[in-house]
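Each chain is listed here by its residues.
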Amino acid sequence: MNLTHKITIPAPRDKVWNFLMDIPRVSKCIPGVEKVEPLGDDKYQGTIKQRVGPIGVTLTGVLSVVEKDEAAGRATLQGEGNDRRIGGLVRAKMAMSLRELSPNETELTVDTDANVGGRLGEFGGAGIKKKADQTMEQFAKNIRAELAKS
C-alpha cells in the first residue's frame with residue numbers, strides 16, 4: 001500500500017529538519033506512541049497502540065534511519081513492528097522530503113510504502129488508509145504546536 005501525505009509547517013526548513021531527525025522527540029507527536037528507546041546507529045525500538053476499526057493493536061518493533069541528506073532535505077526510514085496478540089504486522093519504508101515554501105514555512109512530504117499482514121491486514125486497505133490519514137492529520141497538528149513552542 002502506497003500513501004502520500006503533505007504537511008505545511010509554519011517553521012524554517014532547518015528547524016523542521018532538526019526536529020524530524022530527533023526521533024525520540026518527534027515520536028511524541030505521533031498519536032499512540034508509548035515509548036521510543038535509542039538502540040544506537042540511528043535505530044530505535046518502540047511501541048505504538050492504535051485502533052483500526054474494531055481491531056486494537058499494540059505494535060512493538062524497530063525503526064531505522066537508513067538515509068539522511070540534510071542539504072537536500074531528504075531522509076528515508078524503515079520500520080517493522082508486530083502485535084503477537086493478534087498476529088498483525090506492519091513493514092513500512094517512509095521517504096521524507098522538505099521543501100522551503102518561504103523563510104518561515106516548510107512543506108513536509110511523506111511517501112510511505114507499507115505492507116500490512118496478519119489479522120490487521122485482513123481489515124483492508126481502505127480502513128488502513130483512513131486510519132493513516134487521521135493519524136497524519138493529528139501528527140501535523142502536534143508538530144505545529146511543538147515547533148511553535150521553541
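Preceding block: the structure.
Overview of the structure.

So, the overall build of the chain
Secondary structure summary: the chain contains four helices and seven strands in total. Taking 2.2 N^0.38 as the reference for a compact globule, 150 residues should give roughly 15 Å; the C-alpha atoms of the chain span a radius of gyration of 15 Å, in line with that estimate. Taking the principal axes of the C-alpha coordinates as reference, the chain spans close to 45 × 35 × 25 Å. The buried share of the chain, taken over its 150 residues, is 37%. At a minimum sequence separation of 6, the contacts of the chain that also span at least 24 residues come to 51%. Carbon and sulfur atoms provide 48% of the accessible area of the chain, an area that totals close to 8400 Å². Charge separation in the chain, taken as the distance between the mean sites of 23 positive and 20 negative side-chain charges, equals 6 Å.

Description of the pattern of salt bridges
Taken as a whole, this structure holds eleven salt bridges when the rule is applied. For Lys49, the salt bridge is made with Glu34, and the minimal N-O distance between the two is 3.7 Å. A residue pair is termed long-range when its members are at least 10 positions apart, and Lys49 in strand 3 (residues 43-52) and Glu34 in strand 2 (residues 33-40) qualify at 15 residues. Using a relative accessible area of 48% as the deciding quantity, one classes Glu34 as partly exposed. In this structure, Arg99 engages Glu107 in a salt bridge whose closest nitrogen and oxygen atoms are separated by 3.2 Å. Assessed through its relative accessible area of 46%, Arg99 is described here as partly exposed. Each of Lys6, Arg99 and Glu107 takes part in a single network of salt bridges with overlapping partners.

As for the sheet that holds strand 5 (residues 74-83)
The antiparallel open sheet is built from seven strands, whose spatial order is 1-7-6-5-4-3-2. Strands at the two margins of the open sheet, each flanked by one partner only, are strand 1 (2-9) and strand 2. Along the sheet, successive strands turn relative to each other by an average axial angle of 25°, direction set aside. Against the sheet, helix 1 (residues 13-20) touches strand 1, strand 4 (55-69), strand 5, strand 6 (88-102) and strand 7 (105-117), its axis set at about 160° to strand 6. The strands that helix 4 (residues 125-149) touches are strand 1, strand 3 and strand 7; relative to strand 1, the one it contacts most, it runs at about 20°.

Parameters at a glance
- Residues numbered from 1 in each chain as written.
- Predicted model: local features only at pLDDT ≥ 70, side-chain atom pairs only at ≥ 80, totals over all residues.
- Heavy atoms only, no water.
- Helix = DSSP H or I, 4+ residues; strand = E, 2+ residues; numbered from the N terminus.
- Rg over C-alpha atoms; globule rule 2.2 N^0.38 Å.
- Buried < 20%, exposed > 50% of the residue type's maximum accessible area, 1.4 Å probe, protein only.
- Contact = heavy atoms within 4.5 Å.
- Areas by Shrake-Rupley, 256 points an atom, 1.4 Å probe, with all protein chains shown as cover.
- Lys, Arg positive; Asp, Glu negative; His and termini not counted.
- Charge placed at Lys NZ, Arg CZ, Asp CG, Glu CD.
- Salt bridge = Lys/Arg side-chain N within 4 Å of Asp/Glu carboxyl O.
- Pairing = 2+ DSSP bridges.
- Axes fitted to C-alpha atoms, helices over the stretch in contact; angles between N-to-C directions.

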